[in-house]
Amino acid sequence: MKALGIEFSSNKLIYVLVETSDGDLSVLSSNKLELADTRDRDALVAFQTALRAVFNATGPDVIGIKAKPEKGQMSAGAAALKMEGISLACSPCPVHFFSGAKINACKAPEDGMRKYQIPALKSAILALDSAS
C-alpha cells in the first residue's frame, strides 16, 4: 500500500511517498511544489496541474496531511489554505488529517530525510495506519 504524506509550509507543499510491503517501509519519492501567487488564477491553475501530475505519477492509496489550524495564534496562511483546498479537490483517494501533536508523537525512520520532510513522512506513516 502506498501513502502520500503532505505538509504545507508557507507557500510550499512538501510531500513524501512511502510504501509498506510485508511490514517494511520504503520511501519511494519526495519533493515539494510551490504556489507562486495566492491571488493569481494562472498560478493557482499551475499549482493544481502540478499537483495532479504528482498524484498521477505516485498513485497513492491514501493521503495524510498535517493539519493547519484555521484560526488562532498559529493559524494557517492564505497560501496553505488554498493549497489544502486544491489538494482535497484533486485527491484521487481518501485523505486523513493529523494534528501537530499526533505528528510529533509518531516514530519514523529519519535516515536520509531532510528535516523539513519529516512531518510529511510522519503524515504518510499515520495515513497508512489509518487505512489498515
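Scroll up to find the structure.
Since this is a predicted model, take the numbers as computed values, not measurements.

Draft legend 1. Local environment of the overall build of the chain. When you go through the chain residue by residue, the secondary structure sums to four helices and five strands. Traced from its N-terminal end to its C-terminal end, the chain shows the element sequence β-β-β-α-β-α-β-α-α. Its C-alpha atoms give the chain a radius of gyration of 14 Å, within 12% of the compact-globule value 14 Å for 132 residues. Counting across all 132 residues of the chain, residues that qualify as buried make up 40%. The long-range fraction of contacts in the chain, counting pairs at least 24 apart against all pairs at least 6 apart in sequence, stands at 61%.

Draft legend 2. The packing of aromatic side chains, seen in detail. Inspection of every chain in the model, using the stated rule, returns zero aromatic pairs. A cation sits over an aromatic face here: K32 above Y116, 4.6 Å from the ring centre.

Draft legend 3. Broad picture of the pattern of salt bridges. Inspection of every chain in the model, using the stated rule, returns one salt bridge. Here E7 makes a salt bridge to K66, at a shortest N to O gap of 3.6 Å. Remark: K66 occurs in strand β4 (residues 62–66) and E7 occurs in strand β1 (residues 2–9); sequence separation between them is 59 residues. For E7, a relative accessible area of 10% corresponds to the buried category.

Draft legend 4. Just the pairing of strand β2 (residues 12–21), in detail. Across eight bridges, β1 lies against β2 in antiparallel orientation. When the sheet's bridge partners are listed, F8 is paired in β2 with L13. Between the antiparallel neighbours β1 and β2 lie two residues, among them S10 with a positive phi of about 60 degrees. Hairpin connection of β2 to strand β3 (residues 24–34): two residues between the antiparallel strands, including D22 at a positive phi of 55 degrees.

Draft legend 5. Here's a closer look at the environment of I118. The residue I118 is located in helix α4 (residues 118–131) in this model. The buried category is assigned to I118, whose relative accessible area is 11%. When the C-alpha positions of I118 and L51 are compared, they lie 20 Å apart, and in sequence the two are 67 residues distant. Leaving out residues up to four positions away in the same chain, I118 has contacts with E110 and M113.

Draft legend 6. How the structure looks around the sheet that holds β3. Here five strands make up an open sheet; going across it, the order is β3-β2-β1-β4-β5 and the pairing mixed. A strand with exactly one partner marks an edge of an open sheet, and here the two such strands are β3 and β5 (95–98). Each adjacent strand pair in this sheet contributes to an overall mean axis angle of 20 degrees, direction not counted. Together, β1, β2, β3 and β4 form the strand contacts of helix α1 (residues 41–58), whose direction differs from that of β3 by roughly 165 degrees. Across the sheet, helix α2 (residues 78–90) lies against β1, β2 and β5, angled at about 160 degrees from β1, the strand it touches most.

Conventions we followed
Residues numbered from 1 in each chain as written. Predicted model: local features only at pLDDT ≥ 70, side-chain atom pairs only at ≥ 80, totals over all residues. Heavy atoms only, no water. Helix = DSSP H or I, 4+ residues; strand = E, 2+ residues; numbered from the N terminus. Rg over C-alpha atoms; globule rule 2.2 N^0.38 Å. Buried < 20%, exposed > 50% of the residue type's maximum accessible area, 1.4 Å probe, protein only. Contact = heavy atoms within 4.5 Å. Phe/Tyr/Trp six-rings, centres within 6.5 Å; stacked < 30°, edge-to-face > 60°. Lys NZ or Arg CZ within 6 Å of the ring centre and 35° of its normal. Salt bridge = Lys/Arg side-chain N within 4 Å of Asp/Glu carboxyl O. Pairing = 2+ DSSP bridges. Axes fitted to C-alpha atoms, helices over the stretch in contact; angles between N-to-C directions.

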